[in-house]
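Architecture at a glance
Chain residues, written in single-letter form:
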Amino acid sequence: MKIKVRVSHDEDTKYAFLICKKIEESAKSRGTGISKKDPEYIKSIMINGNAVIAFCNGEIAGFSYLEVFQNEEFVVNSGLIVFPEFRKKGLARIIKIEIFKLSRKKFPNSKIFSITTSNSVIKMNTELGFKPVSFSELPQSEEFWKGCQSCSNFDILNRNKRKMCLCTGLLYNICDKINKPNKNKNNEKNLIHGDKIVLAYSGGLDTSYCLKYLIQEEGYEVHTVIINTGGFKEEELKEIEERAFNIGAKSHRTINAIEEYYQNCIKYLIFGNILKNNTYPLSVSSERIFQAIQIAQYATFINAKAIAHGSTGAGNDQIRFDIAFQIICPEKITLSPIRDLKISRKEEIEYLRNRGISICWDKAKYSINKGIWGTSIGGKETLTSYHDFPEESYPTKLKKKKSETLELEFEKGELVSINREKGKAIKNIIKLEKIASEFAIGRGIHIGDTILGIKGRVAFEASAAIIIIKAHHLLEKHILTKWQLYWKEQLSNWYGMLLHEAQYLDPVMRDIEMFLSSSQKRLTGTVHIILYPYRFHLVGIQSEFDLMESNMAQYGEMNYAWTAEDVKGFTKILSNQMKMYHNLNKKEGKKE
C-alpha cells in the first residue's frame, strides 16, 4: 500500500464535491459534528494551499484543511476525513500531523486549535502538544462561530451562550512552548511531534529499538536509511527494508556507497599498508565516516530536522557520527536514544517484545559487523583480556586444507588482477575474500585505544584486506627507496590513527593522500603467494621497477658501480662524526 499525503493545489479542486459529500456522510453516521461544507469554499482553500490531501495507491483517501481567524492570531485545523474504505490504516494520524506541520510552517506565530467530538482526534491532538481548553480561550469572532451553524448540535452551543457544547476545544499555544524551561540536553526543544527525522538504520537491535521509540514515544516522522559500503547482500537489504516498514518507518532508502568508500578510503589504506597497532586493517571503523557523510547528505536532501543513530555511549561510532553531522549539516539536531537513555540490550529486547516486535535478537551470542574490508566480531570475550574467541564466533569456517598458489597483480598500487584474471578493484577484493576465507585466513584479535581513551578488544576476520596489504607492502619494499618507505610509514600511521579517531574531514588527510598517491607511481608488479589453512606465505615479486634487478650490484655479491677504494673512502667519511665523539670521550676519561 503506497500512501502519499501532500499540500493541496489548484488541480485538486476536482475532488472538492466528493470531499464535502464524505464529510457530510461521516457526520450523519456519527450523529454529531459539522454536517455540511460548501464545495466552492473548499476549492478556494485548496487553491491557496491551505489543505492537505491524502492518496492511497493513487486514489484519493483523505483530507483536512486550515482556516485563519482574528488577524492570524488563531489557526484552526478542520475537516479531517478519511474515506471509509481506507480507515484503520493509520491514515488519519498522518493527515493530522501534516496539517499541523502546514499550520506551523505558514503561521509560525499563531495559536492552533481544534474542536471535535472524536476521541481519536482528541488523542492525536494531545500527542501533538494540544491541551483541552474552555471555549473562552478560542476565537471569539462571529466568522468562526458562524461555521458551526450547520452542525446538528448548534442549538446546544447557543443555549450555553458559546461557553460549552458536545465538542472538546483543544489549543496548541506556541508561547507556552517557547516559555517552557528546557530539560533536554540534546536541544530536542526544537523538535515537535510529527517532525521529520532521518534514522541511520542497520536493521539490528539498537537501530530497531530507536525506530520504534522515536515513532511511538516521541511521535516523530521517521525516515530510515542504510548506507551499503559492501557488507550486505541484496536479500539482506530487502529484509532490512521490510523490517523498517513493519516497525513503522515513513520511508526507507538504501544508498550504495561501495565505490565511494573504495576510492576515498580503502585505496589509501592499501597505499599506506595500514594496520592499526600492526594488527587490525580498520575493517569496519573506516566505513563509519562514509556512512555518516551519506546520511547527513540524505537528511539534507529530504529536509529532515534531525538525524538519529543507534550508537551507545561507550564506543567510537558515536563520535564518528556526531562529528560528521556537526560539520556537514550543523543545523540538524542529532539524536541518540541508546546513549541518552543509557538503555541495556536486555531492556531494548523487552521494549520491542512488549510492542509485538520479536526477531530473536537475544539468541545472537556475537555481534557481527561485516564490510567489504573485513568483519568485526564482538562477544563476551570482548570484555576480558584473556579469553580466546572460539571457532563458532567467526562467520566463515575452514573449508580448504590443501595449499593453493595465488598471484596478485598491482598497477600503481591498485589490485588489478587475481590469478591473471583482470577486474575492477572492488570486484577483486570480493573475489579474493571468497578465495582466502575458505582457508580461514585473516583472523585476529585487536586491542586498541578508543577515541574516549579506554582500551577496547575485538575479534576480526579480514582475509582479503590482510593479504592485499601484506602483498602490497612486499612489492613496495622492492620498488620504493629507503626514504620513501620510511616517510610513508610515518604518514601512514598518522593517516590510520586520524581516520580511526573521526578526523577524516580534516584537510591534512587530503595532504597525506596526495603523498601516498605520489608514492605509488612505480608500484606495478605481481606478487606470488601460497595459501595454507589459517595462514599464507609471500613467495616473492616480479616487477620491471624492482630495485633488486639493477645491474649496478647484487647484495653480498659482485658490484660494478664502485671500487674497493671507493668504499674505503666512503666509510672513512661516514664515520667522521662518530670518531670525533668517541675521541672526546677518551679525553674526558683521562681527566678523571
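Here we summarise the structure given alongside this text. (Residues numbered from 1 in each chain as written. Predicted model: local features only at pLDDT ≥ 70, side-chain atom pairs only at ≥ 80, totals over all residues. Heavy atoms only, no water.)

1. Some thoughts on the packing of helix H10 (residues 258-271) against helix H11 (residues 285-301)
Two elements in contact, H10 and H11, have axes separated by 10 Å at closest approach and are oriented at 155°. As summarised for this structure, H10 and H11 are arranged roughly antiparallel, according to the angle between their axes. In this structure, H10 crosses over H11, and the sense of that crossing is right-handed. Taken together, the residues of H11 that come into contact with H10 (itself represented by Glu260, Tyr261, Asn264, Cys265 and Leu269) are Ser286, Glu287, Phe290 and Gln294. Across the contact of H10 with H11, the residue classes break down as 4 nonpolar, 3 polar and 2 charged. (Axes fitted to C-alpha atoms, helices over the stretch in contact; angles between N-to-C directions. Helix = DSSP H or I, 4+ residues; strand = E, 2+ residues; numbered from the N terminus. Parallel < 35°, antiparallel > 145°, perpendicular 65-115°, else oblique. Left-handed = near helix turned anticlockwise from the far one by under 90°. Contact = heavy atoms within 4.5 Å. Nonpolar A, V, L, I, M, F, W, Y, C, P; charged D, E, K, R; others polar.)

2. Points about the pairing of strand E14 (residues 374-378)
Extensive coverage of E14 is indicated by the burial of 5 of its 5 residues. Judged by which residues are buried, E14 turns out to be covered on both faces: Gly374, Ser376 and Gly378 on one side and Thr375 and Ile377 on the other are all buried. Of the pairings in the sheet, the one linking strand E13 (residues 367-371) to E14 comprises 5 bridges and is antiparallel in character. Bridging across to E14, Ser367 finds its partner in Gly378. In textbook terms, the turn of a hairpin is the stretch between consecutive antiparallel strands, and for E13 and E14 this stretch comprises 2 residues. Where E14 meets strand E19 (residues 455-461), 3 bridges bridge the pair, whose relative direction is antiparallel. (Buried < 20%, exposed > 50% of the residue type's maximum accessible area, 1.4 Å probe, protein only. Pairing = 2+ DSSP bridges.)

3. Here we look at the sheet that holds strand E11 (residues 306-308)
Note: strands within a sheet are paired through backbone hydrogen bonds, in either parallel or antiparallel orientation. The strand order across the open sheet formed by 5 strands is E10-E9-E8-E11-E12, and the pairing between neighbours is parallel. With partners counted over all chains shown, the strands left at the sheet margins are strand E10 (251-256) and strand E12 (333-335), one partner each. With strand direction ignored, the average angle separating the axes of adjacent strands in the sheet is 25°.

4. Brief notes about the sheet that holds strand E2 (residues 51-56)
The strand order across the open sheet built from 7 strands is E1-E2-E3-E4-E5-E7-E6, with neighbouring strands paired in mixed fashion. Each edge of the sheet is formed by a strand with only one pairing partner; in this case those strands are strand E1 (3-7) and strand E6 (131-133). Averaged over all adjacent pairs, the angle separating strand axes in this sheet is 25°, with direction ignored. Both strand E3 (residues 59-69) and strand E4 (residues 74-82) contribute to a ladder of 7 bridges, which runs antiparallel. In the sheet register, Gly62 faces E4, and the bridge partner there is Val82.

5. Here we look at a nonpolar patch on the surface
A grouping of Trp483, Tyr486, Trp487 and Phe515 is seen on the molecular surface, where their side chains present a nonpolar patch of about 460 Å² in accessible area. Mapped onto the secondary structure, Tyr486 falls in helix H17 (residues 482-500). (Patch = residues over 30% accessible without salt bridge, like charges linked within 9 Å, V, L, I, M, F, W, Y side chains within 5 Å. Areas by Shrake-Rupley, 256 points an atom, 1.4 Å probe, with all protein chains shown as cover. Salt bridge = Lys/Arg side-chain N within 4 Å of Asp/Glu carboxyl O.)

6. Some remarks on the pattern of salt bridges
In this structure the tally under the stated criterion is 26 salt bridges. With a shortest N-O distance of 3.9 Å, Asp340 and Arg339 are connected by a salt bridge. Ionic contacts of the salt-bridge type, sharing partners, join the residues Glu287, Arg288, Asp317 and Arg320 into one network.

7. Details of unusual backbone geometry
One non-glycine residue with positive phi stands out, namely Asn277, at about 55°. Under the relative-accessibility criterion, Asn277 is labelled partly exposed at 41%. Even without glycine at this site, Asn419 takes up a positive phi of about 50°. In this fold, Asn419 is placed in the loop between strand E16 (414-418) and strand E17 (421-422). On the basis of relative accessible area, Asn419 is assigned to the partly exposed category, the value being 36%.

8. Details of the environment of Glu221
Checked against the element boundaries, Glu221 lands in strand E9 (residues 221-228). By relative accessible area, Glu221 is classed as buried at 11%. For the pair Glu221 and Tyr268, spaced 47 residues apart in sequence, the C-alpha to C-alpha distance is 39 Å. Not counting the four nearest positions on each side in its chain, Glu221 is found in contact with Glu98, Lys101, Gly194, Asp195, Lys196, Ile197 and Lys250. Side-chain polar atoms of Glu221 contact the side chain of Lys101, separated by 3.4 Å. (Polar contact = N/O pair within 3.5 Å; in protein donor to acceptor, adjacent residues only side chain to side chain.)

Functional significance is not addressed by these values, which are geometric in nature.
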